[in-house]
Structure formats: C-alpha cells, structure tokens
Amino acid sequence: GGATGIGQACVRALVEAGATAISIDLKINPACTSIVSDVAEEGDLAAAFKKVGPLDGLICAAETQANTGLRDMCWEHWQKVMAINVRGPMLSMKHANLKKNTGIVLVSSALAHQGSEGQLAYSVSKGALLGLMRASSGEFALQNIRVNAISPKSFCCSSDKTGVAISFNEKQCSGQSSNPQPAGQECKLDEMANCAVFLLSKNAQFITGTELIVDS
C-alpha cells in the first residue's frame, strides 16, 4: 500500500531518512521501486515479496473503505474490506523476509476505538489489526522482530499538483472527527508517516506490541 495516502507518505519519509523504499500496491509509486500486486491474494503477494528479498522493515498501509452501515452491509463488501485491511497485512507479515532486529508497523485507525456512521466494516477491520499486532508481537519477538501499530485519526487527504496526499482537511470530514486539531494546525500525512518510521527505527528497539495513537 505504498502508492497512495499514508502509505505514499511513508515511502516519502523513508526515502528522506536515507532508506531504500519499495512499494507493493495495485498502483505504481514513481518515487520508489514499485511492484504491482494484490495484497489480498496470497500467491500474488508471496511472489512480490520473493522479488523483494530480505527487508529491514515492513509497513502495512494498504486499505479500503466505503460508506456502508450495518443494515445496508452486504457480504461482498464485508469480505472485500476484511481481505484488504486484515488479510493483506497478515499475509504480508507471513511472506516478508525480514532480517533480525527489525520492525513491522501496521496502520490502524482511531476509528478502531470509536465508530463512525457508515464505517462499520472499516472500523472492525482496524480493530482486528490491533488484535493482529498484539497477538503476533509475541511470536515475532522470538525472531527479534518488533510489531507495532499507528492509529491516525479519521482524515480526508487533499493533493498538491504532484498528486501527493499532503494534508488533513477538517471541513471535508464533517461529523467524522470527534477530536479536532488545535486552531490553525493541520494533521499532515507526513507527520503520521514519521511516526511509522520512528517505530521502525533503532530509537524504538525496545517498543513492541504497542499502539501509537496519532490524533493530536
């Protein structure tokens, strides 16, 4: 999920930190090496990670959502959201060839803690990611690999002329955010991405099984 949204911002932050970033996504990110793959399809994803080789870290940022409430929920929609938002990260963790003393960061959401109208499947999927993070952190600890998560607040992103998602716009998300930014400030995607990069860094080598809530 490195071609749009927070995933794209994570790629940018990693490159700025001097890392070599690789995006696995259905879309291409021209800012880094990109492998086109469906994260919800195990065979496709396993082949992608085989091409990548050993990794120093993994950020799982692929996601999808749609405005559907419980009474209007259809099984196909539920399956699609869970496939991309939950199965995708699980399969990525399964097939990524991570070196020892590295880290994994799952991108959850503040909506895992507080529901929002029309975001049932999305909120449940992000809650499941936190369960995946906690359950897998003990298993990966045996390999000296840390597993953490960031949970950004609900946001809408606008794009600059280059197509890069850059900022939070409170007005576009009326009714979705219960914790507005301080007056005059914007919650930028780059700031969310920097939290993920921190959790991958050596500065977080004693942090695992932890959720970092990024909600101002």
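In case you missed it, the structure is sitting above this.
Residues numbered from 1 in each chain as written. Predicted model: local features only at pLDDT ≥ 70, side-chain atom pairs only at ≥ 80, totals over all residues. Heavy atoms only, no water.

Caption draft 1: Structural view of the overall build of the protein. The helix and strand tally for the protein stands at 5 helices and 8 strands. N-terminal to C-terminal, the α/β element order of the protein is α-β-β-α-β-α-β-α-β-β-β-α-β. Evaluated residue by residue, the protein yields a buried proportion of 48% over its 216 residues. A total accessible area of about 11,100 Å² is found for the protein, and carbon and sulfur atoms account for 52% of it. (Helix = DSSP H or I, 4+ residues; strand = E, 2+ residues; numbered from the N terminus. Buried < 20%, exposed > 50% of the residue type's maximum accessible area, 1.4 Å probe, protein only. Areas by Shrake-Rupley, 256 points an atom, 1.4 Å probe, with all protein chains shown as cover.)

Caption draft 2: Region of the structure containing the environment of K100. Within the secondary structure, K100 sits in strand β4 (residues 98-107). With sequence-adjacent residues up to four places away left out, K100 is seen in contact with Q143 and N144. (Contact = heavy atoms within 4.5 Å.)

Caption draft 3: View of the packing of helix α3 (residues 75-95) against helix α4 (residues 120-141). The N-to-C vectors of α3 and α4 enclose an angle of 20°; their axes lie 10 Å apart at closest approach. Relative to α4, α3 is oriented roughly parallel. Crossing of α3 over α4 shows right-handed handedness. Listed contacts from α4 to H77, W78, V81, M82, N85, V86, P89, M90 and M93 of α3 are L120, A121, Y122, V124, S125, K126, A128, L129, L132, S136 and F140. Each residue belonging to the contact of α3 with α4 can be placed in one class, and the counts come to 15 nonpolar, 4 polar and 1 charged. (Axes fitted to C-alpha atoms, helices over the stretch in contact; angles between N-to-C directions. Parallel < 35°, antiparallel > 145°, perpendicular 65-115°, else oblique. Left-handed = near helix turned anticlockwise from the far one by under 90°. Nonpolar A, V, L, I, M, F, W, Y, C, P; charged D, E, K, R; others polar.)

Caption draft 4: Spatial organisation of the layout of surface pockets. Volume-wise, the largest pocket comes out at about 960 Å³. Lining the largest pocket are 43 residues, and of these D56, G57, L58, I59 and L200 lie nearest its centre. Elements with a contribution of two residues or more to the lining of the largest pocket: α1 (5-16), β1 (22-25), α2 (42-52), β3 (55-60), α3, β4, β5 (145-152) and α5 (189-200). The leading source of residues in the lining of the largest pocket is β3, at 6 residues. Class assignment of the residues belonging to the lining of the largest pocket gives a composition of 25 nonpolar, 15 polar and 3 charged. (1 Å grid on protein atoms, 1.4 Å probe; cavity = no way out; pocket = protein on both sides within 12 Å on 5 of 7 lines; lining within 4 Å. Points joined across faces, edges and corners; volume = space filled by probe spheres on them.)

Caption draft 5: Spotlight on the sheet that holds β5. Here we have 4 strands laid out as an open sheet, ordered β3-β4-β5-β8, and parallel in their pairing. Both outer strands of the open sheet, β3 and β8 (211-214), are each paired with one neighbouring strand and no more. Looking at each pair of strands side by side, their axes are set apart by 20° on average, direction ignored. With 4 bridges connecting them, β5 and β8 associate as parallel partners. Bridge assignment links S151 to a residue of β8, and that residue is I213. Along the sheet, α4 contacts β4, β5 and β8; its crossing angle with β5, the most-contacted strand, is approximately 165°. (Pairing = 2+ DSSP bridges.)

Caption draft 6: Spotlight on the pairing of β5. Counted residue by residue, β5 has 8 buried out of 8 residues, so it is predominantly covered. Bridging between β4 and β5 involves 6 bridges; their strand directions are parallel. The residue bridging V107 from the neighbouring strand is I150, located in β5. Chirality of the crossover, the property in question, places the unit of β4, α4 and β5 among those that are right-handed. (Right-handed = clockwise from strand over helix to strand, strands pointing away.)

Caption draft 7: Main features of a nonpolar patch on the surface. There is a patch of nonpolar side chains on the surface, built from L26, I28 and V36 and spanning about 320 Å² of accessible area. Checked against the element boundaries, L26 lands in the loop between β1 and β2 (33-36). What makes L26 exposed here is its relative accessible area of 59%. (Patch = residues over 30% accessible without salt bridge, like charges linked within 9 Å, V, L, I, M, F, W, Y side chains within 5 Å. Salt bridge = Lys/Arg side-chain N within 4 Å of Asp/Glu carboxyl O.)

Caption draft 8: Structural context of the state of the cysteines. In the structure shown here, the tally under the stated rule is 0 disulfides. Free cysteine C10: the closest other cysteine sulfur is in C195, separated by 9.5 Å. Look at C10 and you get buried, because its relative accessible area is 2%. (Disulfide = S-S within 2.5 Å.)

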